[in-house]
Structures are given as structure tokens and as C-alpha cells.
Amino acid sequence: MVGRPSTLRRSMGLRTVTSTSTGLAFAAIEYLAVASLLVYVAGDLAWVSIAVAGLLALLAWGYFSELSGLYPTAAGIRLFMAKSMDDRAALVITFSYLATIVLVLAADAFIVGSALTHVTGLPAWATGVVVAALLGLATTANLRGITVAGRVQDVTTYLVMAVTVLLGALSLTKTRTAASLAAAHTHHHGVGSFVVAIGLGVLLYSSFEWVTMNAEEVREQRLIPRGMLIALGLLFVACALVSTGMGRLLSSGELASAYPQLFFGKRVLGEAGYVLMCAITLVTAVNTFNGGFITASRFVYATAREGSLPRSFAKLNDRAVPWVPVVALATSSLLASLAVVLAGSFQVLLSTGAALECGVYAVAALCVLRLRKRQAAAEREFRVRAARLACGVGLVLFGVLGLLSSVSVDNETNPLPLAIIAVIAGIASVYVLRYLPRMRAAEEARRAAAPRRRRPPIAVTDPAAITPASAASAATATTPGLPTPVMDAGFLDGTAPTGPDDRP
Amino acid sequence: MATPAEIAEALADYRDRCNGNERLRRMLRTWSRVVHFRAVDDGSTFTMCVVEGEITEVAEGANHDPEVVISATSEDLADLFWGDLNPARKYLAGEITVIGSADDLLRIDAMASLLWEE
């Protein structure tokens, strides 16, 4: 492979890699997940489950660092799965993984919609309308090609983290409220709850690994592992402080609401804190909608261009935006959000997201193990130490946590998340096993029927073989300063051979 | 293996097709980039300058500082410019590698998509 040029004009440094990784993980859902964690673990000890989840996230960090180093490309996730397992299984997992993004988008739309409804004093039924308006706004911005620039994203992400850490630290100076003590007594905490809390804790770090999709933009490949590691540290500090603070200050009802961060801000800084957290919630939503829509829609576009999704998903509008994936993502997120609004239980969304993310990390562990065998000699920018042990442990732990999270909602046994995941995986499997082979066969037939355009090269030995028309064509195709092309008689008389069947 | 002359011919044809495609010009009207194409097997490099959607320069050699670098075999580069291969498929298979932003990558793929598919 040709080395990276030292003069690439646009490239990401450590600051942007870190902010991207942190920003992808720190959505508005973070505050809700922290509050939900307090149902499973006593407030003062919630940070322990976040720390244990952080240690597990470190395992995932190792897996993705190695996989990204092996395949430093935006298509890395698709590539390492396809290279380490059957392509059909890889596609099913990839499509299920995409569902995580839809869930995060849906959750954020719901949280921000609920917060806006609360702040503006609108009736509860208006939440659905506000959610639809928010997603409509995000979709329109995406379709018009409006994106948050890297520097703006840096500023907003670090601002969100700074405010969150500051409020968390200030909350420790406040006296514990009676309402929080009462809340602590209403929950039953045990070993089982603690284990599920770790699974939920994994969700706090989830999506930090999506920055590996920016591997082609970084100045140096090693910045990706470094940035992810710093992001994990930032996420731990922020979430641990907020969980402790929320456990000390918020009542049971406030913790169970869809906008606990607003109450948290109010308890710490009064009305100013309330307004501040409203603003911060909106900023996290901008980051999520920007990053989530762009990342997922580009991924769907590439998969469609590859031929693994219908060609309509590769359609671009006049601003070079893959509009079908954007609209499909927004619609899916809207439907998921409305389902949450109608059911009134966002905890199902949290458990489903946690289970899916644990499953993805388990798959990543498996991929590292398999690729160590299949591509033992391949160059890796980063290597997991004691890979067999680290991957084996991760595979088991993430598998168990994923399973437990999928049957637990709000500290009660509830198989709904498992059912949702089964439906997602089922739809993906039916598509991959039944429809995709037919679609690919039709595509192959279309390609086979298309003529090969490339002009085969041979030195022209008989100048008479070149017709005036082809000579004129060759002349117009020549760039000043470049060698004049030569064409062979085979091209001219239409007997040129056709090439491999890999045309667009 | 395609010769540098073949790639140059293909790139020149590609330039003409791109510049003659109204929809593509409209889509890339705000996009200005220097792209380097590198043949990994023979080491040759080609430069393509795009200014507000118009390819203003194609030349052999590494001219200007690039914003995007695309590496592939010389065969794949020639096929890419002639529209005889699906760049997204090659990219997802790891056979075409890119250094640059995802947005730039999408626009480069969009060029092939619009030229040969629509």
C-alpha cells in the first residue's frame, strides 16, 4: 500500500478525533441512561458500575483499535466482519448494528421532544408532534447538505462535557435531599441488579467506536486509539459525577422522567442550571442528529452501491446527499420514537440499545480472534495484548451482559427488548437469505449485458487501421502534457475483448 | 497492468464525461478539491483538480497538495475511469484505499455513479 502523504490538506487531529468519539457516545440519552442506572444501583455506588462498564469498554476499545488498524477505512466495520465470517452473517449483524443508530436517534428525538414539551408547558400529547418536528428539521438540514463543521463539533462537544462535569462536581457540594433518600429506599438492589447495571453502563460508552469510520481522515492512524481512549476517560468522569450527583439530589419521579438532566441542573444551579441544561440538551441533539444521520446514511449508501441493498438507496440529490437513506432513517426513528411516546416506556429503548451494543462488542471480540488466525501476517497498527484471553473474556462477558440486558427493563424481568432484537435480526436475515441473492443475480445479469467501455491498449502497427473519427476522438480525449493514447484495431472494429464483470 | 499512458487516456476521457454531465456539475458546484490517484503496482500518480464541480486539470504526476488520495492497482484505476468497475464494491472489499474525508469519498463515488448508472 502506498504511504500516507505528509501534505494532505485536510485531516483530523487528536482534538477532533476525541471530540468525534465523545460526541458520538454522549447523546441526550446519556443523562437518561445514568438516571435509569440508579434504579439498579444505589446512588453512591452507581459510579462503580460505570467504572466496571468502563473497564469492559476498554476491552472493546482494544478490539476496535486493532480492527481499525487492520482496516483503516470508513468501511472497516463491513470489512472486518466480512473477512472474519460468512458474508451473509456479516450483513445480518451489520444491519442489526445500524438499528442501534436508529434507536439512539429515536431516543434522542424522544428525550429532546419531551424536554421541549416540558419547558414550553405544552400538553403531554404534543410530544409526538414536537418529536416529528425535530426529526423533520434534522432531515431537512441533512437533505440540504447542512453539516456541523469539525471545529464547531469540537466546541459543542467539549462545551457539553465541560458543563456536565462542572455540574456533576458542584452537585457533590450540595446536601443530599430527602427526596433522593426516599428514592433510594424504593429500589431493590442486589447482585443481579448490579450486573444489569453494568450492561446499561456499557450503553453510556456505546458508539465511541464509530470514530473508526474516520480512519481515512486522521493525520496518523494511532490517533484513533488515542482519541477513543481519551473519550472513554471523559465519558467515565462525566457519567460518574452525574450519577453520583443525581443519586444525591433527585427524587424518584425526577429520575424516572424523560428529562432528569433538567431537574439536575435546577437542583445544582437553580433556574440558571435549568436553562443551561435545556440548552445543553439541544446541543447534544444537534450533535447526534448531525453525526448519526451522516454516519448511518453514508454507510447505507455505500452498502447499496456495493449491491447489498436496493439501488434506490444509492440515489443522490443535487447536493450529493443520499436522500433515500436519510428519509428512511428519519422515518424509522420517528416510528420508534412515536412507539415510545405511545407506550410511555423509554426504558425498553435503553435496554434494547444496551443489549445490541453488548452484542456488537462480543462480535468484535470474535472478529479479532478470527482475524488473528486468518490474517496472522497482516500488518496491524495496534495489537490487543494477550488477545486470546482478552477476546475470550470479552466474548463471554459481553454475551452474558447483552442477554441479561435484553430481558430486563427498569429492574424487572421483561423480554420485550429481546423480542425487538429478534424481530430486527429476523427481518435482516430474511432479507439477506431470501431477497439479496435474487437482487445480486439480477445485478450480475445487468452487468454482464453492459458492454465494456475500456479501450484495450496495443501499439498500433498499422496506421491505416485508425479511422479519422477515432483519431479525432483520441485527440479530444488527450490532456495537454499527457502522452497521446494509442488505440488498437480491436477497439475500432468492435472485436475488443470484454473484461471482468465488475462494472457499476 | 495498465500503463501510465492508458490511465492518462482514461482520465482524460473521464474528465470530458464529467465536465459534460450537467447534473454532476450541479451536484458538485460547491466542491473544489485536489485529488491524487496512485497506482500501487507501478507507483505512477495522477492529479485531478476540481474547481466548483468542473475538472480543470488532469495530469500525470503529483501536482499540488492533495485533499484526497486514492490508491488502487493501475488496472483498477483505468477501469475506474472508463466506468468498467464499481468503485464502491472495490472500496468495500478493501481493494481501493482512500485517504480523505468521507464526504469527499462520497462525491468521488457519486461521479462514477452519475456517469455510468443514470
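Residues numbered from 1 in each chain as written. Chains lettered and ligands numbered in written order. Predicted model: local features only at pLDDT ≥ 70, side-chain atom pairs only at ≥ 80, totals over all residues. Heavy atoms only, no water.

(A) Geometry of the pairing of strand β4 (residues 68-72) of chain B. All names here are of chain B. Extensive coverage of β4 is indicated by the burial of five of its five residues. Sheet topology places strand β1 (residues 33-39) next to β4; five bridges connect them, and they run parallel. Note that in β4 the partner of V35 across the bridge is V68. Across three bridges, β4 lies against strand β5 (residues 97-99) in antiparallel orientation. Looking at β5, one finds that I70 is bridged to V98. (Buried < 20%, exposed > 50% of the residue type's maximum accessible area, 1.4 Å probe, protein only. Helix = DSSP H or I, 4+ residues; strand = E, 2+ residues; numbered from the N terminus. Pairing = 2+ DSSP bridges.)

(B) Main features of the packing of helix α1 (residues 4-19) of chain B against helix α5 (residues 102-117) of chain B. All names here are of chain B. Viewed as axis vectors pointing N to C, α1 and α5 meet at an angle of 75°, and their least axial separation amounts to 10 Å. Between α1 and α5, the angle is such that the two are roughly perpendicular. Counted together, Y14, R17 and C18 of α1 and I108, M111, A112, L115 and W116 of α5 form the full contact between these two elements. Its residues assigned to classes, the contact of α1 with α5 shows seven nonpolar, no polar and one charged. (Axes fitted to C-alpha atoms, helices over the stretch in contact; angles between N-to-C directions. Parallel < 35°, antiparallel > 145°, perpendicular 65-115°, else oblique. Contact = heavy atoms within 4.5 Å. Nonpolar A, V, L, I, M, F, W, Y, C, P; charged D, E, K, R; others polar.)

(C) Focus on a nonpolar patch on the surface. Residues and elements named next belong to chain A. Taken together, the side chains of L366, L395, V396, V400 and L404 present a nonpolar region at the surface, about 350 Å² in accessible area. For the nonpolar patch, the leading source of residues is helix α15 (residues 387-405), giving four residues. Mapping V396 onto the fold places it in helix α15. (Patch = residues over 30% accessible without salt bridge, like charges linked within 9 Å, V, L, I, M, F, W, Y side chains within 5 Å. Areas by Shrake-Rupley, 256 points an atom, 1.4 Å probe, with all protein chains shown as cover. Salt bridge = Lys/Arg side-chain N within 4 Å of Asp/Glu carboxyl O.)

(D) Examining the pattern of salt bridges more closely. Counted according to the given criterion, the structure contains 27 salt bridges over all chains. Two residues, R17 of chain B and D13 of chain B, come together in a salt bridge whose shortest N-O distance is 2.6 Å. Within this pair, R17 of chain B and its partner D13 of chain B are both found in helix α1, separated by four residues, close to a single helical turn. Here D13 of chain B falls in the buried class, since its relative accessible area comes to 9%. A salt bridge links R107 of chain B to D103 of chain B, with the nearest nitrogen and oxygen atoms 3.2 Å apart. With a gap of four residues between them, R107 of chain B and D103 of chain B both fall in helix α5, about one helical turn apart. Judged by relative accessible area, which is 29%, D103 of chain B ranks as partly exposed. By sharing partners, the salt bridges in this structure join R311, E443, E444, R446 and R447 of chain A together with R89 of chain B into a single network.

(E) Representation of the environment of P66 of chain B. Residue and element names in this part refer to chain B. Along the chain, the position of P66 falls in the loop between β3 (54-60) and β4. Judged by its relative accessible area of 2%, P66 is buried. Sequence separation between P66 and H36 is 30 residues; the distance between their C-alpha atoms is 6.1 Å.

(F) Region of interest: the sheet that holds β1 of chain B. Residue and element names in this part refer to chain B. Spatially, five strands are ordered β3-β2-β1-β4-β5 in an open sheet, and the strand pairing comes out mixed. Two strands lie at the open edges of the sheet, namely β3 and β5, each paired on one side alone. The mean angle between the axes of side-by-side strands here comes to 20°, regardless of whether they run parallel or antiparallel. Packed on one face of the sheet, α1 meets β1, β2 (45-51) and β3 and runs near 175° to β3. With respect to the sheet, α5 is in contact with β1, β2, β3, β4 and β5, its orientation differing from that of β4 by roughly 60°.

(G) Inspection of helix α16 (residues 416-449) of chain A at higher detail. Its 34 residues give α16 of chain A an end-to-end C-alpha distance of 48 Å, which sits within 8% of 50 Å, the value for a rise of 1.5 Å per residue. The largest bend along α16 of chain A measures about 45° and falls at Y435 of chain A, with the proline P437 of chain A one to four residues further on. Buried within α16 of chain A are the following residues: P417, I421, A428, Y431, V432, L436, E443 and R447 of chain A. Elements in contact with the buried residues of α16 of chain A: α5 (87-120), α14 (347-374), α15 and β1 (408-409) of chain A together with α4 (87-92) of chain B. (Expected span 1.5 Å × (residues − 1). Bend = angle between axes of the 7 residues up to and from the residue.)

(H) Quick peek at the nonpolar core. In terms of nonpolar packing, the biggest core is built from 181 residues, with M246 of chain A together with F37 and M48 of chain B touching the most fellow members. A total of 18 residues in this core trace back to one element, the largest contributor, which is α5 of chain A. What F37 of chain B contacts, discounting residues up to four positions off in sequence, is L11, S44, T45, F46, M48, I70, L77, L80 and F81 of chain B. (Core = buried A, V, L, I, M, F, W, Y, C linked by side-chain atoms within 4.5 Å.)

(I) Spatial organisation of the pairing of β1 of chain B. Residue and element names in this part refer to chain B. Within β1, seven of the seven residues are buried, which leaves it mostly tucked inside the rest of the structure. Residues R33, V35, F37 and A39 point to one face of β1 and V34, H36 and R38 to the other, with burial holding for every one of them. Two successive antiparallel strands, β1 and β2, enclose a turn made up of five residues, where G43 displays a positive phi of approximately 80°.

Interpretation note: all reported values are geometric properties and have no functional meaning in isolation.
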